[in-house]
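# Coordinates in review
Now for the letters of each chain:
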Amino acid sequence: MANPSPRTNPAAFLATADPGSLHALFDHLPDVQYWIKDAEGRYVHVNRGFLDNYAFEDVAEVLGKTDCDIAPPYLADAWVEDDRKVLVGEEVINRVELVGHVDRSAGWFMTTKLPLRSHEGHVLGTTGITVAMKGPSERLWPYAELDAVVRHIRQHIGRPITVPELADVASLSVSALERKFKKHLRVTPMQYIKRLRISFACQALVQTDQSVNEIAHRYGFCDHSYMSKEFRRAVGMTPREYRRRHFGEGK
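Residues numbered from 1 in each chain as written. Predicted model: local features only at pLDDT ≥ 70, side-chain atom pairs only at ≥ 80, totals over all residues. Heavy atoms only, no water.

Helices and strands together make up the secondary structure of the protein chain, namely twelve helices and five strands. For the protein chain, with 251 residues in total, the buried portion stands at 43%. Sequence separation of 24 or more characterises 46% of the internal contacts of the protein chain that already satisfy a separation of 6 or more. Summing over all exposed atoms, the protein chain offers an accessible surface of approximately 13800 Å²; the carbon and sulfur share of this is 53%. (Helix = DSSP H or I, 4+ residues; strand = E, 2+ residues; numbered from the N terminus. Buried < 20%, exposed > 50% of the residue type's maximum accessible area, 1.4 Å probe, protein only. Contact = heavy atoms within 4.5 Å. Areas by Shrake-Rupley, 256 points an atom, 1.4 Å probe, with all protein chains shown as cover.)

Below, the structure written as structure tokens:
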């Protein structure tokens with residue numbers, strides 16, 4: 001009878017593995033973006049989903065770029081701040097957030113970011129994945145207790161929405177609802193509504209020829225002046241400047 005093979009040493013086994021063969025696994029996951037960044041925030045690897053989202057043909061086009069090179073400021077600034085925290089050892093686990101697309105619009109994704117460590121435990125950079133949320137579901141939306149509230153917000157985004165109204169939808173007190181939003185989404189209910197309106201406005205500015213005033217009323221801003229003020233605060237430019245940036249003319 002043959003002697004059993006010696007027990008594999010997991011650390012030694014993985015040390016001999018080609019990282020490329022491991023990275024390749026992420027190229028076959030639909031609606032998933034995967035990346036690795038160094039301590040300076042420069043991309044050193046991304047998967048096929050990442051390339052497709054930003055309309056790059058090859059990984060070489062992304063290497064060395066930072067978030068500020070591929071995303072509008074209101075998104076890139078938040079990602080850079082995340083990296084600062086992850087580089088000192090914090091983790092971001094299954095957070096729902098806005099992620100940019102190649103057309104400079106944005107959609108909702110679930111994101112996890114972790115420190116990338118050396119064999120000695122030193123933080124070398126960051127790594128993460130983000131999964132597209134095509135609508136709340138048990139598979140992608142882990143916060144079932146907020147499902148009805150989020151659907152209510154989306155359905156009524158064009159009119160004023162109050163926190164007591166949302167608390168009634170959730171059958172919670174106002175304070176309990178605010179705690180759940182802070183726990184799961186890292187924002188207050190009103191901050192969530194404002195960010196959602198800005199996200200919808202970004203998409204409408206790029207994908208439609210509606211006027212700023214029409215977009216403002218469509219997504220619940222009291223008027224175009226207020227939308228322009230909030231848009232500039234979040235995005236770093238006015239709605240017309242945002243549209244002009246992509247089409248060369250304002251409307």
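What follows deals with the confidence of the model for the protein chain. Residues with a pLDDT of 70 or more make up 84% of the protein chain, whose mean pLDDT is 83. For the protein chain, the element scoring lowest by mean pLDDT is strand 3 (residues 92-100), at 73; strand 2 (residues 43-46) scores highest, at 96. In this model, residues 136-142 is a region of pLDDT below 50 whose contacts with residues beyond four sequence positions or in other chains number 15 contacts. (pLDDT = per-residue confidence, 0-100.)

Tracing the backbone shows Val 80 in helix 5 (residues 73-86). By relative accessible area, which is 26% here, Val 80 ends up partly exposed. C-alpha separation for the pair Val 80 and Asp 67, spaced 13 residues apart in sequence, amounts to 7.2 Å. Ignoring anything within four residues of it in the chain, the contact list for Val 80 reads Asp 67 and Cys 68.

Core analysis: the largest hydrophobic core is formed by 38 residues, its most contacted members being Ile 153, Leu 177, Phe 181, Tyr 192, Met 227, Phe 231 and Tyr 242. Listed by contribution, the elements that provide at least two residues to this core are strand 4 (106-117), helix 6 (144-155), helix 7 (163-170), helix 8 (174-185), helix 9 (189-207), helix 10 (212-218) and helix 11 (224-235). Looking at this core element by element, the count peaks at ten residues for helix 9. The next biggest cluster of nonpolar side chains, apart from the first, holds twelve residues, and it includes Trp 35, Tyr 43, Phe 50 and Ala 76. (Core = buried A, V, L, I, M, F, W, Y, C linked by side-chain atoms within 4.5 Å.)

In this structure, Asp 38 sits in strand 1 (residues 32-38). Beyond its immediate stretch of four places on either side in the chain, Asp 38 contacts Val 44, Leu 124 and Gly 125. A polar contact is formed between the side chain of Asp 38 and the backbone nitrogen of Arg 42, at a distance of 2.9 Å. (Polar contact = N/O pair within 3.5 Å; in protein donor to acceptor, adjacent residues only side chain to side chain.)

Quick look at the pairing of strand 1 now. Burial of strand 1 is extensive: seven of the seven residues sit out of reach of the surface. Neither face of strand 1 is open: one carries Val 32, Tyr 34, Ile 36 and Asp 38, the other Gln 33, Trp 35 and Lys 37, and all of them are buried. Sheet topology places strand 1 next to strand 5 (residues 123-132); seven bridges connect them, and they run antiparallel. Each bridged residue has a counterpart across the sheet, and for Asp 38 the counterpart in strand 5 is Gly 125. Where strand 1 meets strand 2, three bridges bridge the pair, whose relative direction is antiparallel. Considered in strand 2, the bridge of Ile 36 is made with His 45. Between strand 1 and strand 2, which follow one another and run antiparallel, lie four residues, and Gly 41 among them has a positive phi close to 80°. (Pairing = 2+ DSSP bridges.)

Moving on, we get to the pattern of salt bridges. Tallied over the entire structure, the rule returns nine salt bridges. In this structure, Lys 37 and Asp 83 form a salt bridge, with 2.8 Å as the shortest nitrogen-oxygen distance. With Lys 37 in strand 1 and Asp 83 in helix 5, this pair connects stretches of sequence that are 46 residues apart. Accessibility classification places Lys 37 together with Asp 83 in one group, the buried group. (Salt bridge = Lys/Arg side-chain N within 4 Å of Asp/Glu carboxyl O.)

The phi angle at Ala 55 is positive, at roughly 60°, despite the residue not being glycine. Looking at the secondary structure, you find Ala 55 in the loop between helix 3 (48-53) and helix 4 (67-70). The class for Ala 55 is partly exposed, based on a relative accessible area of 49%. Phi is positive for Ser 171, which is not a glycine, with a value near 55°. By the element assignment, Ser 171 lies in the loop between helix 7 and helix 8.

A full pass over the atoms with the stated rule returns seven aromatic pairs. Relative to Phe 50, the ring of Tyr 43 lies with its centre 5.1 Å away and its plane at 55°, an arrangement referred to as tilted. Residues Tyr 43 and Phe 50 agree in their burial class; the two are buried. When the ring of Phe 231 is compared with that of Tyr 242, the centres are 5.4 Å apart and the planes differ by 80°; the resulting orientation is edge-to-face. Of this pair, Phe 231 sits in helix 11 while Tyr 242 is found in helix 12 (residues 239-247), placing the two residues eleven residues apart along the sequence. Per residue, the accessibility class of Phe 231 equals that of Tyr 242, and both read buried. (Phe/Tyr/Trp six-rings, centres within 6.5 Å; stacked < 30°, edge-to-face > 60°.)

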